[in-house]
Each structure stands twice: as C-alpha cells, then as structure tokens.
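Here is how the chains run, residue by residue.
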Amino acid sequence: MGGRPAMSVPPGEAGASDRAFALVQELLPQHLLSRGMHRLARSTQPTVRNAIIRAVLRAYPAIDLSEAEQPDPFAYPSFNAFFTRALRTGARPIAGSEQDLVSPVDGKLSQSGTVRDGLLLQAKGMYYTAGALLADQAAAARYEGGCYACIYLAPYDYHRIHMPLAGRLAGTRYVPGQLFSVSAATTRTVSGLFARNERVICEFETELGPLAMVLVGALFVGSIETVYAGEVNPPPVRGGAVRTIEAGAGRMFARGEELARFNMGSTVVLMLGNTAARLARGLGPDSTLRLGQLLASLG
C-alpha cells in the first residue's frame, strides 16, 4: 500500500477468449439481466429457492456453512437471504489495534498500491483514475499519495461488508453505470472497469485520514444495500446523474461494524488518504483475505 510501488498482476496478457467475453458483455442487456436475477434471487417459492441454493452449493463446494449463524441452507426464506447470510459470533475476529486497517470483506486482493498522479492499477498495464472512480475530482485529491486496495468477492465468499477502520460517514453517492462482470478476465480487458460500472461510494472521516469504500456493482450484482439507507441500487429509474444519499450522514461506525452487503458477488475498492500506511507483510496480488484480517498499518 502507501509508500510501495503499485503491484502488477501475475504475468499474462488478456487473451482472445478474454476479449470475446468482454465483447459479449457489451452486447448483453446487462441491467435487464440483473433485474431478472434480482427478482429470482428474492423468490420465496420453495421449489425456486431450493433449486437455486442446491445449484450454487454444487457449483461452489468451498461455501462453508459451519461459519454461518444459520447453517441450514434451506432455512433461509430466499436465495438472496442465504447468499447474504450472517456469520456466527466470533467467526471473524478483528485483528490489530484501532490504528490498523483490516480487510472489510472476505475475498481476494486483486491489486493494492499508492495513488500516484491520481492513478490506481487495475491490471497489468491498465490504470484508472481516482477521480473517475469517485465521480468527483475534488474528492479524489484527498487520496493522492495515500493507499488503495481492490478486493474481489467470489460467489462462495461471505457477502457482507464491514468497516476497516472506525469512522464518521461523511457522505454516500450512487453512481450510475454499466454492469460488466468483475472477473479476472474482464478486469484484464475492459479499460476503466471499476470506474465504468454502477457503484455506491461511501466516504468517511477517520483518525487516520479520509477513507473511501467504493462498492462496485457487476453483472447479476445490480443490488447493493447499506445498513443505513437500505437498498441503494437498483434505483426506480437507472441512469441519469450521480445521486447523493442523505441517509446516514454523520453516523459513527466502529471498526469491524457491518456497513453494507452485496446481493451476489462483486468488488470493493478501498482508499485511505494517509501516506504512512503500509501493506501487511506477505500480502500481494491474489492473496486470500478474510474479514478482520490485518490489511495495513501505519509506519
């Protein structure tokens, strides 16, 4: 993170299959498909709910229900309730002290580094700007020289998002956009992916400096909700201008407290405007992270 060069992905350029996958996504009715998944995932019809849950359990054997507050997958009223299931108490201890940044999610560290000249690394040879990601150039300036981490959540991961630091919510913005997949293949291919997709931006004031949590939507992940504003997207009408969400402004959040959840998998981009933060030893691209695990510390 801060003070270290941005790290590249493992060797390998986007191949023909990656480019084909991206092209297919360009042609798909992304929002329509995501709305369909939104309705399907919330069906309380037992045959529909159980069929989807069984299919997902077969496809993702890494799902660990022993960590869940409710370990019976068929006790949930809908697939979405199962997908966003709570963890049992103590399943994710919060590491370090109040001066340490912890992972806000279970997932895989895609990229991390320092925001230099307003740039963040997306994949080997590909960058995007903090201004485009935040949809606010003035806000982006607060993170120059600070650190960032991009974390991908797979379908088998825990899908609630927690606070990496204690902080006061300064503001929330919904940014309309596309809904490309955020898989590694698309990340290697679609320029400015995280700044093009629909997203919810939560900014905080912390003792360590300004903190941004960018919750990026994706194909079939057209729904993000926060604990203070409920479901932020999909809005009644998609598109249009960036929208400020007044709910929750000024609320204090404790380190490790639940902030939001993805209804299906996606990506969190975290930025901290503090030049002294250092990535925890042993972490790099493709490192597996667990909620509450030490991500960075000062000095």
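Remember, predicted model here, so these are calculated numbers, not experimental data. (Residues numbered from 1 in each chain as written. Predicted model: local features only at pLDDT ≥ 70, side-chain atom pairs only at ≥ 80, totals over all residues. Heavy atoms only, no water.)

## A short note on the overall build of the protein chain
Logical step 1: Looking only at helices and strands, the protein chain has eight helices and 18 strands in total.
Logical step 2: Buried residues in the protein chain amount to 54% of all 299 residues.
Logical step 3: The contacts of the protein chain with a sequence gap of at least 6 include a subset with a gap of at least 24, amounting to 78%. (Helix = DSSP H or I, 4+ residues; strand = E, 2+ residues; numbered from the N terminus. Buried < 20%, exposed > 50% of the residue type's maximum accessible area, 1.4 Å probe, protein only. Contact = heavy atoms within 4.5 Å.)

## Description of the packing of aromatic side chains
Logical step 1: Under the criterion given, the structure shown has seven aromatic pairs.
Logical step 2: Between F79 and F83, the ring centres sit 5.6 Å apart and the planes meet at 45°, which makes this aromatic pair tilted. Taken together, the positions of F79 and F83, both in helix α4 (residues 79-83) and four residues apart, correspond to about one turn of that helix. Here F79 matches F83 in class, with each residue buried. (Phe/Tyr/Trp six-rings, centres within 6.5 Å; stacked < 30°, edge-to-face > 60°.)

## Concerning the side chain of S43
Logical step 1: As for its position among the elements, S43 is in the loop between α2 (30-41) and α3 (46-59).
Logical step 2: A distance of 3.2 Å separates the side chain of S43 from the backbone nitrogen of Q45, its partner in a polar contact.
Logical step 3: Excluding anything up to four places from it in sequence, S43 contacts V48, R49, P77, S78 and F79. (Polar contact = N/O pair within 3.5 Å; in protein donor to acceptor, adjacent residues only side chain to side chain.)

## Let's talk about unusual backbone geometry
Logical step 1: The residue A135 is not glycine, and still its phi comes out positive at about 55°.
Logical step 2: Mapping A135 onto the fold places it in the loop between α5 (130-134) and α6 (137-141).
Logical step 3: Even without glycine at this site, D286 takes up a positive phi of about 75°.
Logical step 4: Tracing the backbone through its elements, the reader meets D286 in the loop between β16 (277-279) and β17 (287-289).

## Concerning the sheet that holds β16
Logical step 1: Here three strands make up an open sheet; going across it, the order is β1-β18-β16 and the pairing antiparallel. Strands with a single pairing partner mark the edges of an open sheet, and in this sheet they are β1 (100-102) and β16. Mean inter-strand twist for the sheet, computed between neighbouring axes without regard to direction, equals 25°.
Logical step 2: One ladder, built from three bridges, connects β16 with strand β18 (residues 294-298); its direction is antiparallel. Considered in β18, the bridge of A277 is made with L298. (Pairing = 2+ DSSP bridges. Axes fitted to C-alpha atoms, helices over the stretch in contact; angles between N-to-C directions.)

## Concerning the nonpolar core
Among soluble globular proteins, nonpolar side chains are generally buried collectively.
Logical step 1: C202, F204, M213, L215 and L259 are the most contacted members of the largest nonpolar core, which totals 37 residues.
Logical step 2: When residues of this core are traced back to their parent elements, those giving at least two are β5 (147-152), β7 (167-175), β8 (199-206), β9 (209-216), β14 (258-262), β15 (267-272), β16 and β18.
Logical step 3: The contact partners of F204, leaving out residues within four places of it in the chain, are M163, G167, R168, L169, A170, G209, P210, L211, M213, F253 and L259.
Logical step 4: Counting residues in hydrophobic clusters, the runner-up holds 25 residues, among them Y143, V175, F194 and A218. (Core = buried A, V, L, I, M, F, W, Y, C linked by side-chain atoms within 4.5 Å.)

## What to know about α3
Logical step 1: Between its first and last C-alpha atoms α3 spans 20 Å; for 14 residues at 1.5 Å apiece the expected length is 20 Å, and the two agree.
Logical step 2: Looking at α3, one finds that the buried residues are R49, N50, I52, I53 and V56. Burial along α3 is one-sided: seen end-on, the buried residues are contained in an arc of 165°. Away from its buried face by more than 90 degrees, α3 exposes T47 and R58. (Expected span 1.5 Å × (residues − 1). Arc of directions from axis to C-beta.)

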